[in-house]
Amino acid sequence: MTKEADLKQLIIEGIQERKGRDITVVDLDAIESAPVRRFIICQGQSNMQVSAIADSVREYVQEHSGQKPYNYDGYRNAQWIVIDYGDTLVHVFQPEFRQLYDLEDLWSDAVITEIPDLD
């Protein structure tokens, strides 16, 4: 497995640790104008769960790979938290904000993979 594939899998597992749902991987690799290579998008049902999912991703990735994010933002109201791992951005939304920003549709020319929920 490549380092990128490892990071993607660790992020997904970190999301699943806190019951994050509707995980989507948006592969932007083939899009020249894309700001990063990949988005990993998920949602939590409340600001508390969104914060818990984001914390879980950061802790899980660091624990299993030693990698820390370059930056993160959105904890103040926890409607949408973004975690920056360089080539990969993790977006943790509350459902209504995920619908509002609709990143999957905005980047619909990317390769989009849905990850089944665990339950």
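So, here's what we can say about the structure.

Conventions and cut-offs
- Residues numbered from 1 in each chain as written.
- Predicted model: local features only at pLDDT ≥ 70, side-chain atom pairs only at ≥ 80, totals over all residues.
- Heavy atoms only, no water.
- Pairing = 2+ DSSP bridges.
- Helix = DSSP H or I, 4+ residues; strand = E, 2+ residues; numbered from the N terminus.
- Buried < 20%, exposed > 50% of the residue type's maximum accessible area, 1.4 Å probe, protein only.
- Salt bridge = Lys/Arg side-chain N within 4 Å of Asp/Glu carboxyl O.
- Contact = heavy atoms within 4.5 Å.
- Axes fitted to C-alpha atoms, helices over the stretch in contact; angles between N-to-C directions.

In this section: the pairing of strand β1 (residues 21–27). Bridging between β1 and strand β2 (residues 38–43) involves five bridges; their strand directions are antiparallel. Paired with Thr24 across the strands is Ile41, a residue of β2. Taken together, the five bridges between β1 and strand β6 (residues 111–115) define a ladder with antiparallel strand orientation. Paired with Val25 across the two strands is Thr113, which belongs to β6.

The next thing to look at is unusual backbone geometry. Look at Asp22: it is not a glycine, yet its phi comes out positive at around 50°. Turning to its location among the elements, Asp22 is positioned in strand β1. Its relative accessible area of 36% is what places Asp22 among the partly exposed residues. Even without being a glycine, Ala78 presents a positive backbone phi close to 55°.

Take the pattern of salt bridges next. Taken as a whole and assessed by the stated rule, the structure comprises six salt bridges. Close ionic contact of Arg21 with Asp119 constitutes a salt bridge, the shortest N to O distance being 2.7 Å. Note that Arg21 is positioned in strand β1 and Asp119 in the segment after β6, a separation of 98 residues in sequence. Residue classification places Arg21 among the partly exposed positions, given a relative accessible area of 30%. Taking the relative accessible area as the measure of exposure, Asp119 reaches 72% and is therefore exposed. A salt bridge links Asp87 to Arg37, with the shortest nitrogen-to-oxygen separation between them at 4.0 Å. Here Asp87, found in the loop between β4 (80–84) and β5 (88–93), pairs with Arg37, found in the loop between β1 and β2; they are 50 residues apart in sequence, far enough to count as distant.

What follows is about the side chain of Gln94. In this fold, Gln94 is placed in the loop between β5 and α3 (95–101). The class of Gln94 is buried, set by a relative accessible area of 10%. Setting aside chain neighbours within four positions, we find Gln94 in contact with Gly44, Ser46, Asn47, Val50, Asn77, Ala78 and Gln79.

Remark on secondary structure: sheet strands pair via backbone hydrogen bonds, oriented parallel or antiparallel. Strands sit in the order β3-β4-β5-β2-β1-β6 across an open sheet of six strands; the sheet is mixed. Every other strand in the sheet has two partners, leaving β3 (71–73) and β6 as the edge strands with one partner each. Mean inter-strand twist for the sheet, computed between neighbouring axes without regard to direction, equals 15°. Those strands touched by helix α2 (residues 47–65) are β2, β3, β4 and β5, and its axis lies near 10° from that of β4.

Here the focus is the pairing of β5. In terms of burial, β5 is largely enclosed, as six of its six residues are buried. Both faces of β5 are covered, namely the face carrying Thr88, Val90 and Val92 and the face carrying Leu89, His91 and Phe93. With six bridges joining them, β2 and β5 adopt parallel strand pairing. Bridge pairing in β5 places Phe39 opposite Leu89. When β4 meets β5, the two strands line up antiparallel, connected through five bridges. Pairing of Val82 across the sheet is with His91, part of β5. Linking β4 to β5, which pair antiparallel, is a turn of three residues; within it Gly86 sits at a positive phi near 85°.

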